[in-house]
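Fold and contact review
Each chain is listed here by its residues.
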Amino acid sequence: MSESTEVIKELLESIGVDGAYRNDSLNLLEKGESRYLRDLKVNFTSTLTSEHLSAKEIALLGTSIAVNNINKPLTDFYTRYAEENGATAEEIAEAAACASLLSSNNIFYRFRHFTQKEKYGQIPARIRMQIMMKPVTGKEFFELMSLAVSAVNGCEMCVNAHEDSLIKMGTREERIFDAVRIASLVTATGKIVY
């Protein structure tokens, strides 16, 4: 068994996927004996540790990002990880809901930002966001998930607004940074394992 094949097997099994599973991306990396596979495995593993987020928060954040990215293997993995770390069904559902709501907000506010037309800022958004008022995961953590999803979706206006809210709530920049780091690595893993 080649080193690439072994690393793919280890990565897949750590996610809870059969080590023999392959897709186009995995095939390309395996065929090219890519050194990136080892980096990918280490990066994925690093999503499970943080000095600034609990295991439950990591799992819920991972769930939200995986749902946002429409990635079943990672959604299944982070959902299981959330359950193993004490997340309730309501908290897991809220992580999925956050991905959906922020996707609509990110498109809408990115449009407003891109066009920079005052008129679009005056027209009511008419996007229902009641979940943001009393989230079961708490206001601070919901903001943190919202920031991470917004960063993945590339909405500058939303990233700035959520980061500002978090700072005003007293959230440390290291916690914010770690949430975005984890979101970026979940997204990177999902480009290869899907």
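Computed from a predicted model, the values in this text were never measured in an experiment. (Residues numbered from 1 in each chain as written. Predicted model: local features only at pLDDT ≥ 70, side-chain atom pairs only at ≥ 80, totals over all residues. Heavy atoms only, no water.)

Per the counting criterion, the structure on display carries six aromatic pairs. Pairing phenylalanine 77 with tyrosine 81 gives two aromatic rings, centres 5.9 Å apart and planes at 10 degrees, and the pair type is stacked. On the criterion of helical spacing, the pair formed by phenylalanine 77 and tyrosine 81 is a turn pair, its members being four residues apart in helix H5 (residues 72-84). Both residues of the pair, phenylalanine 77 and tyrosine 81, count as buried. Ring centres 5.0 Å apart and planes at 90 degrees place the aromatic pair phenylalanine 108 and tyrosine 109 in the edge-to-face group. Aromatic ring contacts, followed pair by pair, group Phe44, Phe77, Tyr78 and Tyr81 into a single cluster. (Phe/Tyr/Trp six-rings, centres within 6.5 Å; stacked < 30°, edge-to-face > 60°. Helix = DSSP H or I, 4+ residues; strand = E, 2+ residues; numbered from the N terminus. Buried < 20%, exposed > 50% of the residue type's maximum accessible area, 1.4 Å probe, protein only.)

Between two packed helices, what matters for the description is the angle formed by their axes and the separation of those axes. Put simply, helix H6 (residues 89-115) and helix H8 (residues 139-153) touch, their axes get as near as 9 Å, and they point 50 degrees apart. Classified by the interaxial angle, the pair formed by H6 and H8 is oblique. Where H6 crosses over H8, the handedness of that crossing is right-handed. Of H8, the residues touching H6 (which contributes Glu94, Ala95, Cys98, Ala99, Leu102, Ser103, Asn106 and Arg110) are Phe142, Met145, Ser146, Val149, Ser150 and Asn153. Residue classes in the contact of H6 with H8 are distributed as seven nonpolar, five polar and two charged. (Axes fitted to C-alpha atoms, helices over the stretch in contact; angles between N-to-C directions. Parallel < 35°, antiparallel > 145°, perpendicular 65-115°, else oblique. Left-handed = near helix turned anticlockwise from the far one by under 90°. Contact = heavy atoms within 4.5 Å. Nonpolar A, V, L, I, M, F, W, Y, C, P; charged D, E, K, R; others polar.)

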